[in-house]
Amino acid sequence: MRKTDTKATPVNTIKLSLPSLSVNEGIARTVMAAFCAYLGPTATDIADIKCAVSEAVTNCIVHAYKNTVGTIYITAEAFSNSTVRITIRDKGCGIADVKQARVPLFTTDGENERSGLGFTVMESFMDRLYVRSKPGKGTVVTMIKRLGNTDAE
């Protein structure tokens, strides 16, 4: 089993804050992919990170700040074992039941026919996914991924 938990001190950190505008979803995923590049990711790692970040940022835009513009806070930390931890936080409406929200196909946005797969997609592309939320206070999504060819471990 690969060690993906990050209790060590990061060797590099980046912080980014963006308005919750749909155009900024592409910026967020590109910046996170560029930040991870020096850790030796595979092409699949980069695609996975971009997809997971895209889903997390889109959740902020569509759900957390529905019908308004707020700030999305992104922190990425790189560790010496080629692990990256990406945290995406908002101060939006929050999630009443995180466990239910993580169930595939669950959506609170039925009228717009959203798929309800955001957390499932994030979880499938990252090694670890943690979600904390408080209604009226916002949500914190933390994703951890070990980069590069780790078959030898």
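Relevant structure appears above.
So, here's what we can say about the structure. (Residues numbered from 1 in each chain as written. Predicted model: local features only at pLDDT ≥ 70, side-chain atom pairs only at ≥ 80, totals over all residues. Heavy atoms only, no water.)

1. Structural notes on the overall build of the chain
Scanning the chain for helices and strands turns up four helices and five strands. Listing each helix as α and each strand as β along the chain from the N terminus yields β-α-α-β-β-α-α-β-β. For the chain, the residues scored as buried account for 42% of the 153 residues in total. If you sum the accessible surface of the chain, you get close to 8,200 Å²; carbon and sulfur atoms cover 52% of it. (Helix = DSSP H or I, 4+ residues; strand = E, 2+ residues; numbered from the N terminus. Buried < 20%, exposed > 50% of the residue type's maximum accessible area, 1.4 Å probe, protein only. Areas by Shrake-Rupley, 256 points an atom, 1.4 Å probe, with all protein chains shown as cover.)

2. Some thoughts on the packing of aromatic side chains
Evaluated as defined, the whole model comprises one aromatic pair. A centroid spacing of 6.5 Å and a plane angle of 85° characterise the contact between F35 and Y38, whose relative ring orientation is edge-to-face. Since its relative accessible area comes to 8%, F35 is described here as buried. The exposure class assigned to Y38 is partly exposed, which follows from its relative accessible area of 46%. For the cation-ring pair, R89 lies above Y73, with the distance from its terminal atom to the ring centre recorded as 4.3 Å. (Phe/Tyr/Trp six-rings, centres within 6.5 Å; stacked < 30°, edge-to-face > 60°. Lys NZ or Arg CZ within 6 Å of the ring centre and 35° of its normal.)

3. Digging into helix α2 (residues 43-64)
Owing to its 3.6 residues per turn, the α-helix brings residues three or four apart onto one side. Taking 1.5 Å per residue as the helical rise, α2 with its 22 residues ought to reach 32 Å, and the 31 Å between its terminal C-alpha atoms agrees with that figure. All of the buried residues along α2 are D45, D48, I49, A52, V53, S54, A56, V57, C60, I61 and A64. (Expected span 1.5 Å × (residues − 1).)

4. Description of the nonpolar core
In this structure, I49, V53, I74, I86, I88 and M143 are the most contacted members of the largest nonpolar core, which totals 31 residues. Elements with a contribution of two residues or more to this core: α1 (23-36), α2, β2 (71-78), β3 (83-90), α4 (118-125), β4 (128-134) and β5 (138-146). Of all the elements, α2 adds the most residues to this core, at eight residues. The contacts of I74, once residues within four sequence positions are left out, are I14, K15, L16, L18, A28, M32, V57, I86, T87 and I88. (Core = buried A, V, L, I, M, F, W, Y, C linked by side-chain atoms within 4.5 Å. Contact = heavy atoms within 4.5 Å.)

5. So, unusual backbone geometry
Positive phi outside glycine occurs at N67, with the angle close to 65°. Positioned with a positive phi, S82 is a non-glycine residue whose angle comes to about 65°. Here S82 shows up in the loop between β2 and β3.

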